[in-house]
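Commentary on secondary and tertiary structure
Read off the chains here:
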Amino acid sequence: MNSADRTILMTPGPVNLHPRVREALGSAIVHHRTGPFRDLVRGVNRRLQQVFATEQPVLILTTSGTGAMEASVANLFSPGDRVGVISSGKFGERWAELAGTYGLEPHLLTVPWGESADPGAVARLLDETSPRGLLFTHCETSTGALHPVREIAAEARRRGVLTVVDGITGLIAHELAMDAWGIDVVVGGSQKAFMLPPGLAFVGLSAQAQDAVRASKNPRYYLDLRPALEQWEAGDFPFTPGVGLIQGLDVALQVIFEEGLAETRARFHRMAERTRDGVRELGLRIYPQHPSDSLTVAQVPEGIDGKAVLDRIVKEDGIRLAGGQGKLKNKIWRFGHMGYLRDEDVEASLAAMKRALQAAGPAAGR
Ligand SMILES: *Cc1c(COP(=O)(O)O)cnc(C)c1O
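Treat the numbers as computed from the prediction; the structure is a model and nothing was measured. (Residues numbered from 1 in each chain as written. Predicted model: local features only at pLDDT ≥ 70, side-chain atom pairs only at ≥ 80, totals over all residues. Heavy atoms only, no water.)

1. Considerations on the packing of helix H12 (residues 306-317) against helix H13 (residues 343-360)
Across the interface, H12 lies against H13 with an axial gap of 9 Å and an inter-helix angle of 125 degrees. Taken together, the axes of H12 and H13 lie oblique to each other. Classified by chirality, the crossing of H13 by H12 is right-handed. For the pair formed by H12 and H13, the contact residues are Val309, Arg312, Ile313 and Asp317 on the first element and Ala352, Met353, Arg355, Ala356, Ala359 and Ala360 on the second. Its residues assigned to classes, the contact of H12 with H13 shows seven nonpolar, no polar and three charged. (Axes fitted to C-alpha atoms, helices over the stretch in contact; angles between N-to-C directions. Helix = DSSP H or I, 4+ residues; strand = E, 2+ residues; numbered from the N terminus. Parallel < 35°, antiparallel > 145°, perpendicular 65-115°, else oblique. Left-handed = near helix turned anticlockwise from the far one by under 90°. Contact = heavy atoms within 4.5 Å. Nonpolar A, V, L, I, M, F, W, Y, C, P; charged D, E, K, R; others polar.)

2. Brief notes about the UniProt feature "binding site: substrate" (unreviewed entry) in the chain
As recorded in UniProt, the feature "binding site: substrate" (unreviewed entry) lies at Arg334. Excluding anything up to four places from it in sequence, Arg334 contacts Met10, Pro12, Thr141, Ser142, Leu295, Thr296, Val297, Leu321, Ala322, Gly323, Gly324 and Gln325. Among the polar contacts made by the side chain of Arg334, one reaches the main-chain carbonyl oxygen of Thr141 at a distance of 2.8 Å. (UniProt positions renumbered as here; feature names shortened; annotations may be inferred. Polar contact = N/O pair within 3.5 Å; in protein donor to acceptor, adjacent residues only side chain to side chain.)

3. Some points on a nonpolar patch on the surface
Among the surface-exposed residues, Tyr221, Tyr222 and Phe239 lie close enough to one another that they form a single nonpolar patch of about 370 Å² accessible area. Summarising the element assignment, Tyr222 is placed in the loop between helix H8 (207-215) and helix H9 (225-232). On the accessibility criterion, Tyr222 (43% relative accessible area) is partly exposed. (Patch = residues over 30% accessible without salt bridge, like charges linked within 9 Å, V, L, I, M, F, W, Y side chains within 5 Å. Areas by Shrake-Rupley, 256 points an atom, 1.4 Å probe, with all protein chains shown as cover. Salt bridge = Lys/Arg side-chain N within 4 Å of Asp/Glu carboxyl O. Buried < 20%, exposed > 50% of the residue type's maximum accessible area, 1.4 Å probe, protein only.)

4. Digging into the UniProt feature "modified residue: N6-(pyridoxal phosphate)lysine" (unreviewed entry) in the chain
As recorded in UniProt, the feature "modified residue: N6-(pyridoxal phosphate)lysine" (unreviewed entry) lies at Lys192. Looking at the element boundaries, Lys192 is found in the loop between strand E9 (185-189) and strand E10 (201-205). Setting aside its immediate chain neighbours within four residues, Lys192 contacts Pro12, Gly13, Val15, Ile168, Thr169, Met338 and Gly339.

5. Some remarks on the pairing of strand E5 (residues 133-137)
In terms of residue burial, E5 counts as a mostly covered element, since five of its five residues are buried. Pairing of strand E3 (residues 82-87) with E5 involves three bridges; the strand directions are parallel. Within the sheet, the bridge partner assigned to Val83 lies in E5 and is Gly133. Where E5 and strand E8 (residues 162-166) come together, five bridges link them in parallel fashion. Within E8, the position partnered with Leu135 by the bridge is Val164. (Pairing = 2+ DSSP bridges.)

6. Brief notes about H9
Along H9, the residues classified as buried are Leu225, Ala228, Leu229 and Trp232. Down the axis of H9, the buried side of the element spans an arc of 100 degrees, and every buried residue falls inside it. Its buried side turned inward, H9 meets helix H3 (35-52), strand E2 (58-61), helix H4 (65-76), E10 and H8. You can read the cap of H9 off the contacts: a side-chain oxygen lies 3.0 Å from the backbone nitrogen of Arg226, and it is on Asp224. (Arc of directions from axis to C-beta.)

7. Side note on the domain arrangement of the chain
Domain annotation of the chain identifies domain 1 (8-16 + 260-360) and domain 2 (19-258). The C-alpha-based centres of domain 1 and domain 2 are spaced at 26 Å. Interface area lost by domain 1 to domain 2 is led by Leu261, Arg265 and Gln325, which between them contribute 23%. Counting every contact that joins domain 1 to domain 2 gives 12 residue pairs in polar contact (both at pLDDT 80 or more). At the level of elements, helix H11 (261-281), strand E11 (295-299) and strand E13 (332-336) are the ones that each hand at least two residues to the side of domain 1 that touches domain 2. Per element, the largest residue contribution to the side of domain 1 that touches domain 2 is four residues, and it comes from H11. Partitioning the side of domain 1 that touches domain 2 into residue classes produces 14 nonpolar, 10 polar and four charged. (Domains from an automatic or database assignment. Buried area = accessible area lost by both parts, 1.4 Å probe.)

8. Here's the deal with the site of the ligand
Neighbouring the ligand are 14 residues; Ser64, Thr66, Thr141, Asp166 and Lys192 lie closest to it. Thr66 is positioned such that a nitrogen or oxygen atom in its side chain is 2.4 Å from an oxygen atom of the ligand. One nitrogen or oxygen atom from the side chain of Thr141 is found 2.5 Å from an oxygen atom belonging to the ligand. Coverage of the ligand by the protein amounts to 87% of the 390 Å² it exposes when considered alone. If you map the ligand onto the pockets, it falls in the second largest pocket. When contributions to the shell around the ligand are tallied by element, the ones reaching two or more residues are H4 and helix H5 (90-101). (Near = heavy atom within 4 Å. 1 Å grid on protein atoms, 1.4 Å probe; cavity = no way out; pocket = protein on both sides within 12 Å on 5 of 7 lines; lining within 4 Å. Sits in = over half its atoms within 2 Å of the grid points.)

So this is what it looks like as C-alpha cells:
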C-alpha cells in the first residue's frame, strides 16, 4: 500500500469505500447481455426505487453526476422553455449554466451562499415567470446548506411546474421522498452516499417527466433517456453500462439495506452533530444557515491559510478534508460524512484539525 491508499477521504465525494464494495469491484466482470446480469440489474433497480422512495423508474447512467443533470435538462425541455432555477452555490449555478446551454430561458432565484431558499420566495418566482420547470439542489455541497425540498416541491406542484432536484448529496443522508413529495425528477451520483467510486449517475422520472422526455424537441444521443426507459424493466441498457460499478452498486446497496436506510441516515446525523459540536469547541464557526448532514462546513478564521491547514492534515494524519470552491476558495473547510466512515474517523478528523490549528498559531483560537 502506498500512502494514497491509506488516506481517509472525508471529502463530500468521492468517499471512502466499504471493504465489501472494494472486494466486489475487484471481481470478474459479468457480460451485460446475459440473464445473470439482467437479474442483478433488476434487483438493483428495485433497491434504487426504495432509496428514491418511488414506484417510477430510476435509470442508471454511466456518467458523473453532472451527466445526469445534463440528461434531465436535455430530455425534459425544449429550446425556448422558461425554467426557474434556485441558485445558492456552485451546483445551483450549474443548473443555470445547463439551462442556458440548451437554449432554455432560466429565471433565477438568487439566494446568498450559505443560506437556504425560502419557499415563499420560490412561490413568487413561479407566479412571476410561469415556468415549465423548476431546477434546484437538495443539499448545496459547495456551501453545506440544505434547501427545504418538500415545501418548495409543494409550491411547484400546486402550479403544475415540473420539479427537477439535484439530490446528489441529499439522497440517503436526508429524507427525499420523490413520489410522496410530488417531485418529477431526482438526480443521484455514485460517489456520494452510495459509497461507490465516481462513474454512475441515477435519474428517477415521474410519469409526467416521462411524458416530457417523449415530447422534448432536443437532439440527444448518448444521453437520450427514451431507449433507456424502454429497456429499464428488462434490466437492459442502450449502450455498454459501467458493469463493474453496477456490480459494486449491488453490494453497496446490500450494505446500506443491511444497516437500514433510516439507520444509515441516523448515523450521518450523529456524525454531523458530533462534527458540528467539535468544530465549535475548536472556536470555529459553522458556515451554512441550515446545515446538511452530508457534510459539515466550517469557516476558516481570519489570518489562517486554509489550504496549508488541509495539506498538513493530509500529511500528518492521513485524512483528506475539502476546501471551498469558487468564491469560497480558502474561506471554508468541508468535512464529508458520506461513505464508509466510523465514529473514530470523525474523532480523528477533529483531533487533526485541533493540532493543525495549534500549529497555525495563536490567531487560530483555542
Ligand atoms: C458532487 C455533486 C455533483 C456532481 O458532480 P460530478 O462531478 O459531475 O459527479 C452535482 N451536484 C451536487 C450537489 C454535488 O454534490
